[in-house]
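# Fold and geometry: a report
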Amino acid sequence: EIMSASLSLEEPLKVAFLGPPATFTHLAAMRHFGSSVSFHPYSSVRGIFEAVDTGKSEFGIVPIENSNEGVVSHTLDMFMDYDLMINAEVMLEVSHNLLSKSGDVRKVKKIFSHPQAAAQCRGWIEKNLPGIPVLEAASTAKAAEMAASDARVAAIASELAAKMYDLHFVERHIEDSRRNVTRFLVIAPESPPRTGKDKTSIMFSVKDRPGALYNILNPYKRAKINLTKIESRPSKRKAWEYIFFVDMEGHIEDHEVAHAVEEMKPECLFLKVLGSYPAGE
């Protein structure tokens, strides 16, 4: 907060996030940047990438994966289309609440939320509100906005959304797992310098031949570099061609990491370092 306030005396940083205000992405942005920056909501992940790429915002923050529901595939796809770097990661413990204008569960006829949030509360809804339709909203905050205008609608959203949209709690903490963490990525034109406790992310595609993926990953085994995540996505450029995304411990300036990445290149159709950044707590 001190750093945030000091920087705002010169000119507030502009940070793009997945809106409207009171989404979990907004909460993650506030946790990372403090409250004295200028937050700009966008309706899509692509809009956030576009804002940072064109210089409308210095930073953007996007969801990348949830500990229970897995990766946000659309965010991975954006790294194929934009030449931006990962600047930081933010881990946010997520707690969902059922909100409505009255707070009376008997008046709830429809539930709106973001698909990932709804999936994280599926068990509670099936047990406590069987037969009530769960419908998709662009974000948890958008669902709260809809609930504020219709007494028959409830929203799965955050406590901040309850305050911002003047909603009452039908039930608190309805997530099926109490260990519910969402990981967010801060994107920017550049990555920060090494800190000594860093992660590096890369994306690549491999040549279509036996053992290609094994040959690519083998240098990391020899260098004893821990790969914390590996994910594949269709390239959307050629049928049955896949893009792999890998997170690893270490910074690209570390000799072992740089050497392992260099060893990959002969086996790759293309390779892109998405950035090195401080590992989130």
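Predicted model, so just to flag it, every value in this text is computed and none were measured.

Thresholds, definitions, all that
Residues numbered from 1 in each chain as written. Predicted model: local features only at pLDDT ≥ 70, side-chain atom pairs only at ≥ 80, totals over all residues. Heavy atoms only, no water. Helix = DSSP H or I, 4+ residues; strand = E, 2+ residues; numbered from the N terminus. Rg over C-alpha atoms; globule rule 2.2 N^0.38 Å. Buried < 20%, exposed > 50% of the residue type's maximum accessible area, 1.4 Å probe, protein only. Contact = heavy atoms within 4.5 Å. Areas by Shrake-Rupley, 256 points an atom, 1.4 Å probe, with all protein chains shown as cover. Lys, Arg positive; Asp, Glu negative; His and termini not counted. Charge placed at Lys NZ, Arg CZ, Asp CG, Glu CD. Pairing = 2+ DSSP bridges. Axes fitted to C-alpha atoms, helices over the stretch in contact; angles between N-to-C directions. Left-handed = near helix turned anticlockwise from the far one by under 90°. Nonpolar A, V, L, I, M, F, W, Y, C, P; charged D, E, K, R; others polar. Polar contact = N/O pair within 3.5 Å; in protein donor to acceptor, adjacent residues only side chain to side chain.

## Re the overall build of the chain
Across its full length, the chain holds 10 helices and 15 strands. Its C-alpha atoms give the chain a radius of gyration of 21 Å, within 12% of the compact-globule value 19 Å for 281 residues. Oriented by its inertia axes, the alpha-carbon framework of the chain measures out at about 60 × 50 × 30 Å. A total of 281 residues make up the chain; the buried ones form 48% of that total. Excluding contacts between residues fewer than 6 apart, the proportion of contacts in the chain whose partners are at least 24 apart in sequence is 78%. Accessible surface for the chain amounts to roughly 14,000 Å². Of this, 53% is attributable to carbon and sulfur atoms. When the 33 positive and 37 negative side-chain charges of the chain are each reduced to one mean point, those points stand 6 Å apart.

## Points about the pairing of strand β11 (residues 181-188)
Of all 8 residues that make up β11, 7 are buried, and the element is covered over most of its length. In this structure, strand β3 (residues 59-66) lies alongside β11, joined through 6 bridges in antiparallel fashion. Bridged to E65 within β11 is R183. With 8 bridges joining them, strand β5 (residues 85-93) and β11 adopt antiparallel strand pairing. Bridge pairing in β11 links E93 to V181.

## Quick word on the packing of helix α3 (residues 45-53) against helix α4 (residues 73-81)
Contact pair α3 / α4: the axes reach a minimum separation of 10 Å and the direction vectors enclose 35°. You can see that α3 and α4 cross each other, and the crossing is right-handed. Counted together, V45, R46 and F49 of α3 and H74, T75, M78, F79 and D81 of α4 form the full contact between these two elements. Grouping the constituent residues of the contact of α3 with α4 by class yields 4 nonpolar, 2 polar and 2 charged.

## Looking at the side chain of E89
Positionally, E89 belongs in strand β5. Within polar-contact distance, the side chain of E89 engages the side chain of K199 at 3.2 Å. Engagement of the side chain of E89 in a polar contact is seen with the backbone nitrogen of G280, the distance being 2.6 Å. Setting aside chain neighbours within four positions, we find E89 in contact with R183, F184, L185, K199, Y277, P278, A279 and G280.

## A word on the sheet that holds strand β13 (residues 227-234)
The strand order across the open sheet formed by 4 strands is β13-β14-β12-β15, and the pairing between neighbours is antiparallel. Of all strands in the sheet, those with a lone pairing partner are β13 and β15 (268-278), marking the two edges. Going from strand to strand, the sheet's axes swing by 15° on average, the running direction of each strand aside. As paired strands, β13 and strand β14 (residues 242-249) are joined by 7 bridges and run antiparallel to one another.

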